[in-house]
Amino acid sequence: MNVAIAADIYKEALIQSHDGIVLINKLGEIEFANPTFLQWIGLEEKEVIKGNINRFITLPTSKNWKGVMEVTSMKREKQSVWLVVNSIERKGEGEIDLQILTFRFFQKSGLDPLTKLPNRYMLQSRLDEMIACSFYHDTCFAVLFIDLDRFKFVNDTLGHSYGDLLLQQVAKRLVHSIGEKNMLFRTGGDEFICLLDNVTGEANVVEKINKILKAFTIPFRLAQMEIHVTISVGMSMYPYDGNDAEVLISTADSAMYRAKKKGRNQFEKANVEVNAGAFERLVIENYLRKALPNGEFLIDYQPQVDLKEDKIIGFEALLRWNQPDLGRIPPSEFIPIAEETGLILPIGQWVLERACFQIKEWEQAGVYSVKVAVNISTQQFLQRNFVDTIKSVINKTRINPKKLELEITEGMIIHDIDAAISILQQLTDVGVKISIDDFGTGYSSLSYLKNLPVNTVKIDRSFVFDIDTNPSSKALTSAITTLAHDLNLHVVAEGVESYQQLSYIKRSSCDVVQGFYFSKPIPSTKVVDFLKKMKQVV
Ligand code: C2E
Ligand code: MG
Ligand code: MG
């Protein structure tokens, strides 16, 4: 083609483009601006030519760049744009002759005002582009659906302004752990979507997700508090899990939902059996209604070992469900269903009574020195007559109330802190002990502890799990222990599995450990023999 004709055609293409296109020289002066750009900033061509681009936008310093920027129009309106900067260099000399700036303006605002991340609208167009590009180049990419665990809780308890601050910090941390080349979008309240291109395959994506999850082991600082927030991630991959935007997002979404159900703070891959979960749930619910009358529940007991005295001081009662048709179903699966259906009230009551009778039975077998810890669910705790229920179980079973410990979680207290203090005080007056379970997950403020009539904190397993490899877990465990001791509280470390973990726990001066290293939960019938073997009962 004749050079002059080709140049005319290219110029026409630039003029017709729906994207704003601007060419600038080495000095940042505008050499060319197309009508889309001019229309948006509200100037004529002759008014901008040779004018400096920084009147409208602060350009990134990199030669080649893409991302979100703000452009200011003549009317001082600001708009976020998707900007791509390409530099054309004179061959060999590395000196920039021209830069091509492509601005994509959006009808609706493309940016989330809170986090300054591109929003759902931008995600859609970016995802379409990536699908087209990957199809053409025969490459793959991943969609990550990221949701904060228990964000609603932070929002409800600390208020929206803290919730907003947290979201901003979360956005920063995500961007940091993802790396600038890949893109993060805020698509809803506490929902983010990340597109990972340049991935070599599934293993590569998993590696990146693990890096993101790891970034959340460090707590966030909000005002004077430390908040430990985790994320659940669902991943789908183009082209294996779908080849259009909607399918890729929805399969990643349901994978994320499964990650939540499995206990949060983890990721799940997309797969096709999306409906299996809902069905399974319904089946479990139906069986659960009959479990108590059919006598399908049992309680196992896991010993707690005092490190100073080197002896077993108590057991945690852990509910077990042996369903004849379905087999053994773990509490992590049926407790949430029991809570949603309200079945947790009669079930919880049964556990409480059974555990107290157990204390009596062990006494008859010569075991006097151990207490039993019972997990209490939010619904039980929020019952108007909760304190009376506890009193009547104690009366009925005639146990020494000091031998009963109730495990509650931070969530129950934060709900209504004054009401919680009053309930806990009444329980303490009755003589039962109170411990805070899973401490360090969800809402974590050490400061509110000092106002609470509690005896023990149980440091969550997630801190112990990597205490020998993760400095943050080690530091947090030590910090929690020090503060708890200042407040005269006992500290139990949960989930100690190995000798290494135990030695770190000892160094951070926790008082008591519970975990597979010493013993798995054991059936009630084996407890007395177990204690005999440990020479703790004659
Ligand atoms: P939890 O109260 O934090 O109980 C500790 C859980 O950690 C138990 O799981 C225990 O088996 C497990 N565990 C203990 N040591 C180790 C270890 O070294 N490594 C690992 N990987 N795990 C360890 P389990 O029995 O599956 O119970 C799960 C959760 O279900 C409990 O967590 C508790 O929140 C709930 N739960 C259990 N029984 C009851 C109950 O009677 N009522 C209520 N409301 N919740 C219960
Ligand atoms: Mg517990
Ligand atoms: Mg626990």
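Residues numbered from 1 in each chain as written. Chains lettered and ligands numbered in written order. Predicted model: local features only at pLDDT ≥ 70, side-chain atom pairs only at ≥ 80, totals over all residues. Heavy atoms only, no water.

Draft legend 1. Representation of the overall build of the chain within the structure. The number of helices and strands found in the chain is 19 helices and 22 strands. For the chain, the spread of C-alpha atoms along the principal axes amounts to about 105 × 50 × 45 Å. Expressed as a percentage of contacts within the chain between residues at least 6 apart in sequence, the contacts between residues at least 24 apart total 61%. Approximately 26,900 Å² of the chain is accessible, and the part contributed by carbon and sulfur atoms is 53%. (Helix = DSSP H or I, 4+ residues; strand = E, 2+ residues; numbered from the N terminus. Contact = heavy atoms within 4.5 Å. Areas by Shrake-Rupley, 256 points an atom, 1.4 Å probe, with all protein chains shown as cover.)

Draft legend 2. Here's a closer look at the nonpolar core. Counting residues in hydrophobic clusters, the biggest one holds 79 residues, and the most contacted among them are Leu406 and Leu427. Contacts of Leu427, omitting those with residues within four sequence positions, involve Phe386, Val387, Ile390, Leu406, Val432 and Ile434. Core analysis: the second largest hydrophobic core is formed by 37 residues, Ala142, Leu184, Phe216 and Val233 among them. (Core = buried A, V, L, I, M, F, W, Y, C linked by side-chain atoms within 4.5 Å. Buried < 20%, exposed > 50% of the residue type's maximum accessible area, 1.4 Å probe, protein only.)

Draft legend 3. Spotlight on the site of ligand 1. In the vicinity of ligand 1, 21 residues are found, and the nearest of them are Arg320, Asp437, Arg461, Glu497 and Phe516. Between ligand 1 and Arg461 there is a distance of 2.9 Å, counted from an oxygen atom to a side-chain nitrogen or oxygen. When ligand 1 is considered free in solution it has 800 Å² of accessible area, and contact with the protein chains removes 83% of it. Contributing elements (two or more residues each) for the shell around ligand 1: β14 (311-323), α10 (331-341) and β18 (433-439). A per-element tally of the shell around ligand 1 places β14 first, with four residues. (Near = heavy atom within 4 Å. Polar contact = N/O pair within 3.5 Å; in protein donor to acceptor, adjacent residues only side chain to side chain.)

Draft legend 4. A look at the coordination of the magnesium ion (ligand 3). Surrounding the magnesium ion (ligand 3) are the protein donor atoms Asp437 (OD), Asp438 (OD), Glu494 (OE) and Glu494 (OE), at 2.1 to 2.5 Å. Between the magnesium ion (ligand 3) and the magnesium ion (ligand 2), a separation of 3.9 Å is found, and both are coordinated by Asp437. Of this pair, Asp438 sits in strand β18 while Glu494 is found in strand β20 (residues 490-494), placing the two residues 56 residues apart along the sequence. (Donors = N, O, S within 2.8 Å, 3.2 Å for Na, K, Ca; no water.)

Draft legend 5. Spotlight on the pattern of salt bridges. All chains considered together, the criterion is met by 24 salt bridges. With a closest N to O distance of 2.7 Å, Glu129 and Arg104 form a salt bridge. With Glu129 in helix α4 (residues 120-137) and Arg104 in strand β5 (residues 96-104), this pair connects stretches of sequence that are 25 residues apart. Accessibility expressed as a relative area gives 29% for Glu129, which makes it partly exposed. Overall, the relative accessible area of 25% leaves Arg104 in the partly exposed class. The structure contains a network of salt bridges with shared partners spanning Asp19, Arg104, Arg126 and Glu129. (Salt bridge = Lys/Arg side-chain N within 4 Å of Asp/Glu carboxyl O.)

Draft legend 6. Seen up close, the coordination of the magnesium ion (ligand 2). At this site the magnesium ion (ligand 2) is bound by Glu316 (OE), Asn375 (OD1), Glu407 (OE) and Asp437 (OD), with donor distances of 2.0 to 2.2 Å. One chain supplies every donor for the magnesium ion (ligand 2), spaced along it as E-x58-N-x31-E-x29-D.

Draft legend 7. Spatial organisation of helix α13 (residues 386-397). Helix length check: α13 (twelve residues) gives 17 Å between terminal C-alpha atoms against 16 Å at 1.5 Å per residue, within 8%. On its buried side, α13 packs onto α11 (344-364), α12 (378-382), β17 (404-409) and α15 (417-430). Arg398 sits one or two residues past α13 and shows a positive phi near 55°. (Expected span 1.5 Å × (residues − 1).)

Draft legend 8. Examining the state of the cysteines more closely. The final tally for this structure, using the stated rule, is zero disulfides. Just so you know, Cys133 is unpaired, no disulfide at all, and the nearest cysteine sulfur is the one on Cys140, 12 Å from it. Residue classification places Cys133 among the partly exposed positions, given a relative accessible area of 41%. (Disulfide = S-S within 2.5 Å.)

Draft legend 9. Expanded view of the pairing of β14. Most of β14 sits inside the fold, with ten of its 13 residues counted as buried. The sheet contact formed by strand β13 (residues 297-306) and β14 spans ten bridges and is antiparallel. Along β14, the bridge assignment pairs Tyr301 with Ala317. Linking two consecutive strands that pair antiparallel, namely β13 and β14, is a turn of four residues; a positive phi of about 55° is found at Asp310 within it. The pairing of β14 with strand β15 (residues 327-329) spans three bridges and is antiparallel. Counted as the bridge partner of Asn322 is Arg328 from β15. With antiparallel pairing between neighbouring strands as the criterion, β14 and β15 make up a hairpin whose turn holds three residues. (Pairing = 2+ DSSP bridges.)

Draft legend 10. The domain arrangement of the chain, seen in detail. Looking at the chain, the domain boundaries give domain 1 (1-105), domain 2 (109-276) and domain 3 (289-533). Inter-centroid distance (C-alpha atoms) of domain 2 to domain 3 is 34 Å. Residue-level contacts link eleven residues of domain 2 with twelve residues of domain 3. Where domain 2 abuts domain 3, roughly 1,100 Å² becomes buried across the two surfaces, and 61% of that area is made up of carbon and sulfur atoms. Ranking the residues of domain 2 by area buried against domain 3 places Phe153, Glu226 and His228 at the top, with a combined share of 44%. Linking domain 2 with domain 3 are zero salt bridges. Summed over the shared surface of domain 2 and domain 3, the result is zero residue pairs in polar contact (both at pLDDT 80 or more). Every element with two or more residues in the side of domain 2 that touches domain 3 is listed here: α5 (151-158) and β10 (225-227). (Domains from an automatic or database assignment. Buried area = accessible area lost by both parts, 1.4 Å probe.)

Draft legend 11. Fine view of the sheet that holds strand β8 (residues 191-196). One open sheet holds the five strands; their spatial order is β7-β8-β6-β11-β12, and the pairing between them is mixed. Every other strand in the sheet has two partners, leaving β7 (183-188) and β12 (267-269) as the edge strands with one partner each. Neighbouring strand axes in the sheet, compared pairwise and without regard to direction, differ in orientation by 20° on average. Direction of pairing for strand β6 (residues 141-148) relative to β8: antiparallel, over a ladder of six bridges. Residue Phe145 lies in a different strand from β8, and its bridge partner there is Ile193. (Axes fitted to C-alpha atoms, helices over the stretch in contact; angles between N-to-C directions.)

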